[in-house]
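# Secondary and tertiary structure notes
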Amino acid sequence: MKKTGLVLAGGGSLGAYEVGVLKLLNELNYKFDVVTGTSIGAINGAFVVMDRMELLEEIWLNVTSDKIIKDGVSLNYESFTSFSFKYYKDMIKTYAHIKGCNTEPYRKLCKDNINFDIITKSKIKFGIITALFPSFVEKKIIMNEISDEELFFKYLYASSACYPIFPLEKIDGKDYIDGGFKNNLPIDFCFELGADEIIAINLPIINLNRTSKKMIKLDNVKVICPKFKIASIMNFEQKQIRRLINLGYLDAKKSFGLIRGNKYYITKNDKEEEISQLLYEEFFKDKKRVLKTKTDNKTHFVYDVLEKLMFYSKLEVEQEYDIFMAFDIISALKDRLNKKMLYLYNTLEKCFYQNRKEEKYEYE
C-alpha cells in the first residue's frame, strides 16, 4: 500500500496559512503515514501527528505576539514606519542580554499543548529539520525515536530557533538554529522516511535546499502555496492570522478542484458544463472572439467569463463566491462596466436565464 506524506514549510506567523490547508485536509479525511516539517512547520506537524487539528486552530486563533516572545511586538509594516523606542524598549533590553528575544512564552505554549508520549508512540513517522551553527550543517531528527522528553522539546525549539530573532538552542554543547536556513521544505526527508506520494504546503520563504526545490516538480508531489503576498513572518496580529487561515483553506479547496477560478475563488457548480456550452455558442456563433480564455477546458469557461467581470467590478478577492451570488453583486455594479464588459455581462445573463428557465436569483 502506498504511503502518504505531509511536508510543512517554515515561516513563523505564516504558519497560520498551513492551518487553513490542514483544516481542509482534515475535512477530506486525509491520513498521513509520514510527516516532516521545519520550524513552525515542525510545530504544526506535531499536532497532525497527535491528530489534534481543532486544538491547533484554537491556538492560532488566540495567539498574540506576547504568547511567542516576552514583551514581544508584531513586526508589521506599521511597526517599521512608525518606530517608537518606548514600544520596543523591553524587548530590546532582553535581546541585548541573551542575544535573542525571550522565547519562554513560546516554549511554554509548545510544552503545554504538544504531547511527548502520543508522538513517540505514534505509528506516523515524524521528522523535523534543524541546523548546526555556525557550520549550517543540516540535522535531520526523527522525533518518534527520541526517548528523552527534554531532548524532544529541545530539538523542536532548535528547529524554530530563527536566529538572530530567536536565541540559539544549545544541545549537548552544540548550537542549533532554525532548519529553514538549510532546508525549509523537507520533501527529501519525507521520501527518506518512506512516503510514496506527498502533499507539501510551501510558504514564500527562500529554500536553499536544491534537492527539495527540484522535488516540488515531481508528479507524486502535490504542492499547495499562496499566490498572493501574505504577511511578515513575525506578524501575529489576529486580523492577519485569520486572513492567512482563510487563504490556506481556500487555496486548498482550489487545489483539490472544489473551487474554480484563477485569481478568484468560485464554488464549483453542477450546472457549469451546461452554462459553459451556452456561452461558447453565444460568443462564437458569429465568429466573434471577445474573450481570450486562459483555460482549454470548456467546462470552466463560465468561470473565466465571470472572473473577467468580477475583476472589472473590483470584487473582493479573498472570499468564496457562488456563481450566481457573484453575478448578482456585479449586477448591482454594472454601471462600472465598459462596452466590452457589458457585452460579457449581457451574454452571461442570457445564459443564466436560459439555463435556469426564468428562475430568479437574489443575493442575500
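Each remark here, short or long, concerns the structure printed above.
Residues numbered from 1 in each chain as written. Predicted model: local features only at pLDDT ≥ 70, side-chain atom pairs only at ≥ 80, totals over all residues. Heavy atoms only, no water.

A cluster of acidic residues, Asp117, Asp148, Glu149 and Glu150, forms a negative patch at the surface. Mapped onto the fold, Glu149 is located in helix α8 (residues 149-159). (Patch = residues over 30% accessible without salt bridge, like charges linked within 9 Å, V, L, I, M, F, W, Y side chains within 5 Å. Areas by Shrake-Rupley, 256 points an atom, 1.4 Å probe, with all protein chains shown as cover. Salt bridge = Lys/Arg side-chain N within 4 Å of Asp/Glu carboxyl O. Lys, Arg positive; Asp, Glu negative; His and termini not counted. Charge placed at Lys NZ, Arg CZ, Asp CG, Glu CD. Helix = DSSP H or I, 4+ residues; strand = E, 2+ residues; numbered from the N terminus.)

Let's shift gears to empty space enclosed by the protein. Tallied over the full model, the rule gives one cavity of 30 Å³ or more. The wall of the largest cavity is formed by Thr103, Tyr106, Arg107, Tyr157, Ala161, Phe166, Pro167 and Glu169. (1 Å grid on protein atoms, 1.4 Å probe; cavity = no way out; pocket = protein on both sides within 12 Å on 5 of 7 lines; lining within 4 Å. Points joined across faces, edges and corners; volume = space filled by probe spheres on them.)

It is worth spelling out the packing of aromatic side chains at this point. All chains considered together, the criterion is met by 17 aromatic pairs. Seen from their ring centres, Tyr30 and Phe256 are 5.5 Å apart, and the 55 degrees between their planes marks the pair as tilted. Placement of Tyr30 in the loop between α1 (15-27) and β2 (34-38) and of Phe256 in the loop between α11 (238-255) and β9 (259-260) is noted, with a sequence separation of 226 residues between them. A relative accessible area of 32% means that Tyr30 is categorised as partly exposed. Exposure remark for Phe256: the relative accessible area of 23% places this residue in the partly exposed category. (Phe/Tyr/Trp six-rings, centres within 6.5 Å; stacked < 30°, edge-to-face > 60°. Buried < 20%, exposed > 50% of the residue type's maximum accessible area, 1.4 Å probe, protein only.)

All right, on to the pattern of salt bridges then. Evaluated as defined, the whole model comprises eleven salt bridges. Of the charged contacts, one joins Arg243 and Glu318 as a salt bridge, the two residues approaching to 2.7 Å between their closest N and O atoms. Residue Arg243 is located in helix α11, and its partner Glu318 is located in the loop between α13 (301-312) and β11 (320-321); the two are separated by 75 residues in the primary sequence. Where salt bridges share partners, they join Arg107, Lys154 and Glu169 into one cluster.

On the secondary structure map, Asp178 appears in strand β6 (residues 174-178). In this structure, the C-alpha to C-alpha distance between Asp178 and Leu156, residues 22 residues apart in sequence, is 9.6 Å. Leave out the neighbours within four places in its chain, and Asp178 touches Thr38, Ser39, Ala131, Ala158, Ser159, Ser160, Ala161 and Cys162. Side chain to side chain, Asp178 and Ser39 meet in a polar contact 2.7 Å long. (Contact = heavy atoms within 4.5 Å. Polar contact = N/O pair within 3.5 Å; in protein donor to acceptor, adjacent residues only side chain to side chain.)

Time to look at the pairing of β6. As defined by bridge partners, strand β3 (residues 125-133) adjoins β6 across four bridges and the pair is classed as antiparallel. Within the sheet, the bridge partner assigned to Thr130 lies in β6 and is Asp178. Relative to β6, strand β5 (residues 169-171) runs antiparallel, the two sharing three bridges. Opposite Lys170, over in β6, you have Asp175 as the bridge partner. Here β5 folds back onto β6, and the loop between the two strands holds two residues, one of which, Asp172, carries a positive phi near 50 degrees. (Pairing = 2+ DSSP bridges.)

So, on to the layout of surface pockets. Space inside the largest pocket adds up to approximately 510 Å³. Lining the largest pocket are 31 residues, and of these Gly11, Gly12, Ser39, Ile40 and Ser160 sit closest to its centre. Those elements that place two or more of their residues in the lining of the largest pocket are α2 (40-50), α3 (53-60) and α6 (104-113). Here the residues of the lining of the largest pocket sort into 21 nonpolar, nine polar and one charged. (Nonpolar A, V, L, I, M, F, W, Y, C, P; charged D, E, K, R; others polar.)

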